[in-house]
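If you want the building blocks of each chain, they are given just below.
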Amino acid sequence: MLAPCGLADQLDAVRALVRPALRLELERDDWEGDEDDAPPHRIGHSRIGGRPDLPPGQAWPEQSGRPLVFVAQFDLAALARHPAARELPAHGLLSFFYDPQGEEDMSHAVRVLHLTDAGSLAPRKQPPNAGRLPFHGARFKPERQLPCMASQYFYHSLLPAEQVQPWYERLAAGNGADPPIDEYALGRLVDGMSERDRERPMHQLLGHPESIQGDPYLDVEVT
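Let us look at the state of the cysteines. Applying the stated rule across the entire model yields zero disulfides. You can see Cys5 has no disulfide; the closest cysteine sulfur is in Cys148, sitting 15 Å from it.

Here we come to the packing of aromatic side chains. Inspection of every chain in the model, using the stated rule, returns seven aromatic pairs. A centroid spacing of 5.5 Å and a plane angle of 80 degrees characterise the contact between Trp60 and Phe97, whose relative ring orientation is edge-to-face. You can see Trp60 sitting in the loop between strand 3 (53–54) and strand 4 (62–63) and its partner Phe97 sitting in strand 7 (residues 93–98), a full 37 residues away along the chain. With 6.2 Å between their ring centres and 55 degrees between their planes, Phe74 and Phe140 make a pair best called tilted. Separated by 66 residues along the polypeptide, Phe74 in strand 6 (residues 69–75) and Phe140 in strand 10 (residues 136–145) bring together distant segments of the chain. An identical accessibility class is assigned to Phe74 and Phe140; each is buried. Taken together, the aromatic side chains of Trp60, Phe70 and Phe97 make up a single cluster linked through ring pairs.

The subject of this paragraph is unusual backbone geometry. If you check the backbone angles, Ser64 has positive phi at about 50 degrees while not being a glycine. Here Ser64 is to be found in the loop between strand 4 and strand 5 (66–67). The exposure class assigned to Ser64 is exposed, which follows from its relative accessible area of 53%.

Turning next to the pairing of strand 7. Relative to strand 7, strand 6 is paired through six bridges, and the arrangement is antiparallel. For Phe74, the partnering residue across the bridge sits in strand 7 and is Leu94. Two strands pair when backbone bridges link them, and strand 7 and strand 8 (residues 110–115) are joined in this way by six bridges, in the antiparallel orientation. Along strand 8, the bridge assignment pairs Phe96 with Val112.

Time to look at the side chain of Ser46. One can find Ser46 in the loop between strand 1 (19–28) and strand 2 (47–48). Those residues within four positions of Ser46 in sequence are excluded, and the remaining contacts are Gln73, Phe74, Asp75, Gly137, Ala138 and Phe140.

With that settled, the discussion passes to the side chain of Gln145. Within the element layout of this structure, Gln145 appears in strand 10. Within polar-contact distance, the side chain of Gln145 engages the side chain of Glu143 at 3.0 Å. Those residues in contact with Gln145 that lie beyond four places of it in its chain are Leu17, Val18, Arg19, Ala21, Arg23, Ser194, Arg196, Gln204, Gly207 and His208.

Another aspect to go through is the pairing of strand 10. Of the strand pairs in this sheet, strand 1 and strand 10 are connected by ten bridges, and their pairing is antiparallel. Bridged to Leu24 within strand 10 is Phe140. Bridge count between strand 2 and strand 10: two bridges; the pairing is antiparallel. Looking at strand 10, one finds that Ile48 is bridged to His136.

Cut-offs and rules
Residues numbered from 1 in each chain as written. Predicted model: local features only at pLDDT ≥ 70, side-chain atom pairs only at ≥ 80, totals over all residues. Heavy atoms only, no water. Disulfide = S-S within 2.5 Å. Phe/Tyr/Trp six-rings, centres within 6.5 Å; stacked < 30°, edge-to-face > 60°. Helix = DSSP H or I, 4+ residues; strand = E, 2+ residues; numbered from the N terminus. Buried < 20%, exposed > 50% of the residue type's maximum accessible area, 1.4 Å probe, protein only. Pairing = 2+ DSSP bridges. Contact = heavy atoms within 4.5 Å. Polar contact = N/O pair within 3.5 Å; in protein donor to acceptor, adjacent residues only side chain to side chain.

Here it is as structure tokens:
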């Protein structure tokens, strides 16, 4: 798989690009009655949507006076046994909030809370006018991933500069034809050395980002 990409002598370098990730397998709660009569709330457990667990004194995250949408929370102690989570704290709750409306400049606020006092957590109802995602429990399936096809410069960087630089100059001028590595060959390499579960929806924690529209690494670099 390496030879058609011109990377036959770069096995160790390509292997070094592999990162562990966690695929989120969601379990839907089929409860459709009143929220106050729902099945028992498991405080501190990983979930997507539903109610967040927050300390009594923790303000609900806002942006420009709008309450953010609670997206997910993750039990860090439960994640700690997975190699993908080695860069995260080993204890507490990591909670994510997002502003789907955004600002006039197309930016969307994100808030991430690291809550360390598990004994003070309690389920919190959404504020008035806050959006709400349906509750899903989350299980974690380990994966190993190479950077996706949209992040081709990870692989281009392993080639001689004189082979790569002219293409980037053409790309800057609007001509992306004939990239340094044949895309079909690169696709076979990425699929062959990765363990991505392609079944949608593709919910993932850590690892390499899966490009949906444009490359996330490039977006960060440009910003």
